[in-house]
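As a plain string of letters, each chain reads:
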Amino acid sequence: MDIYVLLKRTFDTEEKIVINEGKVSDEGVDFIINPYDEFAVEEAILLRDKHGGEVTVVSVGSEETEKELRTALAMGADKAVLINCEDLEAQDQHTTASILAAFFQDKDYDLILGGNVSNDNSTGQVGPRLAEQLGLPYVTMITNIEVDGNTATLKRDVEGDTEVIEATLPLLVTAQQGLNEPRYPSLPGIMKAKRKPLEEIDYDDLDIDEDEIEAKTETITTFLPPEKGAGKILDGELEVQVKELVSNLHQEAKIL
Amino acid sequence: MDFRLDEEIEFLKTNIRNFVNNEVEKVAMQIEKEDKIPERIIELSKEMGLFGLSIPEEYGGLGIGMVGKCALYEELGKTHNGYTTLIGAHTGIGTVGIVELGNEEQKQKYLPDMASGNKIGAFALTEPEAGSNASNLKTTAVKRGDTYILNGTKHYITNAIEADVFTVMAVTDPSKGAKGITSFIVEKSFPGFQVGAVEEKMGLKGSHSAELIFEDCEVPEENVLGEVGKGYMNALKILANGRAGLAARNLGSCQKLLDMCMEYVQERVQFGVPIIEHQAVAHMVAEIGVEIEALRSFTYRIAWKVDQGEKVIKEAAMLKLYGSEVYNRVADKALQVHGGVGYISDYPIERYYRDARITRIYEGTSEIQKNIIASQLRKEYS
Ligand SMILES: Cc1cc2nc3c(=O)[nH]c(=O)nc-3n(C[C@H](O)[C@H](O)[C@H](O)COP(=O)(O)OP(=O)(O)OC[C@H]3O[C@@H](n4cnc5c(N)ncnc54)[C@H](O)[C@@H]3O)c2cc1C
């Protein structure tokens, strides 16, 4: 089976967000593989170990993304490709999906796995957009996958319930929490990872029209959620409290 | 001079750090209460290949030099010292004997299983009457045909209950004193071998030290490790080799204590200001910082010397002494900086304080290190 995994380098989930000059600052921040993509890497390795074939991890990113790709190789992926987009100015989910679509044009694949969302922008768009562009069937938020020949049986998280879907390969899926427990890269795996192929290409090496991939969205402002004020405790007669509560919801919170 | 670590070593370090923070730190209190490392942590450690830290690549280990090993031990030192001791005693004194002195068959037979963690290693020198005076062994090994018959008792042996493979020192020729001692590889399953009482200890919970009892224990001749009669020298060599690693673990624990101190002194308010504003407190953390930097430089310099193939008997003893004393001083200051909280068992500081104490005793006491250093200096200057 030829398996590809889409991987994004994101902020460590423990990081505090700091805004500097209207942008989220990445100074001194630790980066990780987007946790949902980590589920995808793990699942790809499990499927490869079961059905044979090869796992290639692909990231649209910058020079620094090499570190996260090496981690995926250390976990057990076979190959990695870094599509460098450092020089590209305005990027959004449309840009990323279009670059990936151009990359996949001449590739053979049975399965493409991605994360359900990234823990930074949380749009959940890249996977579905890519599938649309490639004309592939896709299933998002999967919590289980079984492959038998040309068919995949998937369990999909639908807000607490589970949907079971059968789909034919080639197929694109995005991973939801619960799909698996990603392994820690083993120490010998890390030593081996440096000998595994990591290919770096520039986005303009691909067959792409720059205007086509231009971002379709624009960020107007960036701000932190307002700090939570102290709560208000009402007291006195129950009837009076109820009245005060309703009036507060009306006039202060403006939600009634 | 280049003080940077190789890229791969940095990579290995990051992964151990993640593992330690995400897994071991979360169960540190549980380890302390139950005196047991959870099975999940042991399994994950095996999967990660931590047990093969000091074993060459051709036998399934990591195959990295002493600088690299110290970098990884430093990370492991940043969590529960009982867990670190399980890994450290196995990858240190528990396997080094076979790696350095074993013949090809012995290495093939034991190391792959030890690298994967399927078999745990331990080192058995100390006896009730042979502590610092380690050549005063009473355990005997008498040759009968192609088998050695061992009789005697070892005590305080770390990993005794977990281990399958023991490097054991015993007397093969009582007339020759230190030169009549031989090292053996003894398997737990050999007839006549028994693990005795497990000690209750001040700290290092989750790591277990116990008695070993040999009663006509049969050890095949091919399990002699190194040469007959060289056992005492072997033991000293194995211990010397472990010293940089122990210092690196101590260094990691000191760093962890400083991290905790720096968080606390900026948060805790007394007399209307964070306590770091009180100069006496600020000076304590400054002193901790200096001790750590000095120990770090010392540790990696000696590790580098080991990697160059230099003889480091004196320097390794100095490092063992210094690293252990620094850890104790730092733990004491860190507790003082934390005030009452430092003494309360719901917080980790007092645990480090207790765990630090053993480092001045095992693998040769501080006093014995000074004896070694002084005798080496006398040799140099005579
Ligand atoms: C938790 C734990 C784990 C251990 N793990 C192992 C293990 O895995 N394998 C193993 O073989 N051993 C192990 N040991 C044993 C340890 O190495 C010895 O306890 C240590 O070497 C000291 O020996 P002793 O306890 O007999 O003390 P003693 O030798 O009786 O020392 C008592 C005091 O006298 C001092 N002293 C003795 N002789 C001299 C001298 N010539 N000059 C100056 N001062 C001297 C000592 O420094 C010490 O202060 C462990 C011990 C403990 C407590």
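You'll find the structure just up there.
Quick caveat, the model's predicted, so the values are computed rather than measured.

What counts and what doesn't
- Residues numbered from 1 in each chain as written.
- Chains lettered and ligands numbered in written order.
- Predicted model: local features only at pLDDT ≥ 70, side-chain atom pairs only at ≥ 80, totals over all residues.
- Heavy atoms only, no water.
- Buried < 20%, exposed > 50% of the residue type's maximum accessible area, 1.4 Å probe, protein only.
- Helix = DSSP H or I, 4+ residues; strand = E, 2+ residues; numbered from the N terminus.
- Pairing = 2+ DSSP bridges.
- Contact = heavy atoms within 4.5 Å.
- Buried area = accessible area lost by both parts, 1.4 Å probe.
- Salt bridge = Lys/Arg side-chain N within 4 Å of Asp/Glu carboxyl O.
- Polar contact = N/O pair within 3.5 Å; in protein donor to acceptor, adjacent residues only side chain to side chain.

Draft legend 1. The arrangement of the pairing of strand β12 (residues 171-175) of chain A in detail. All names here are of chain A. Taken across its five residues, β12 has five buried, putting it largely inside the fold. Alternating residues of β12 divide into Leu171, Val173 and Ala175 and Leu172 and Thr174, and every residue in both groups is buried. In terms of strand pairing, strand β8 (residues 111-115) meets β12 through five bridges, oriented parallel. Residue pairing for β12: Ile112 is matched across the bridge by Leu172. Summarising the sheet, strand β9 (residues 138-148) and β12 pair through three bridges and their orientation is parallel. The residue bridging Tyr138 from the neighbouring strand is Leu172, located in β12.

Draft legend 2. Inspection of the interface of chain B and chain A at higher detail. Between chain B and chain A, the contact holds 20 residues from the first and 13 residues from the second. For the chain B face of the interface with chain A, the top three residues by lost area are Glu8, Phe11 and Met48 of chain B, together amounting to 38%. Remark: the boundary between chain B and chain A carries three salt bridges. Across the salt bridge formed by Arg40 of chain B and Glu181 of chain A, the nearest N and O atoms sit 3.0 Å from each other. Our enumeration of links across chain B and chain A arrives at five residue pairs in polar contact (both at pLDDT 80 or more). When residues of the side of chain B that touches chain A are traced back to their parent elements, those giving at least two are α1 (7-24) and α3 (39-48) of chain B. Per-element accounting of the side of chain B that touches chain A gives the leading share, nine residues, to α1 of chain B.

Draft legend 3. Spatial organisation of unusual backbone geometry. Each neighbour pair has its own omega, and for Leu169 of chain A with Pro170 of chain A the value is -5 degrees, a cis peptide bond. Relative to the helices and strands, Pro170 of chain A resides in the loop between β11 (161-168) and β12. Its identity is not glycine, yet Met141 of chain A carries a phi of approximately 55 degrees, on the positive side. Met141 of chain A sits in the partly exposed class, given a relative accessible area of 23%. We note that Asn159 of chain B has phi near 70 degrees; this positive angle belongs to a residue other than glycine. Assignment of secondary structure puts Asn159 of chain B in the loop between β3 (147-158) and β4 (165-171). Since its relative accessible area comes to 0%, Asn159 of chain B is described here as buried.

Draft legend 4. Examining the pattern of salt bridges more closely. All names here are of chain B. Under the defined criterion, the tally for this structure stands at 37 salt bridges over all chains. Among the ionic pairs, Glu291 bridges to Arg329, the shortest N-O distance being 2.7 Å. Taken together, the residues span a long stretch of sequence, with Glu291 in helix α8 (residues 279-307) and Arg329 in helix α9 (residues 313-338) at a distance of 38 residues. Look at Glu291 and you get buried, because its relative accessible area is 12%. Taken together, the shared-partner salt bridges connect Lys13, Arg17, Glu75 and Lys78 into one network.

Draft legend 5. Representation of the environment of Ala356 of chain B in the model. All names here are of chain B. For Ala356, the position within the fold is in helix α11 (residues 349-358). Here the alpha-carbon distance between Ala356 and Leu101, two residues 255 residues apart in the chain, equals 31 Å. Non-local contacts of Ala356, meaning those with residues more than four positions away in its chain, are made with Tyr327, Asn328 and Ala331.

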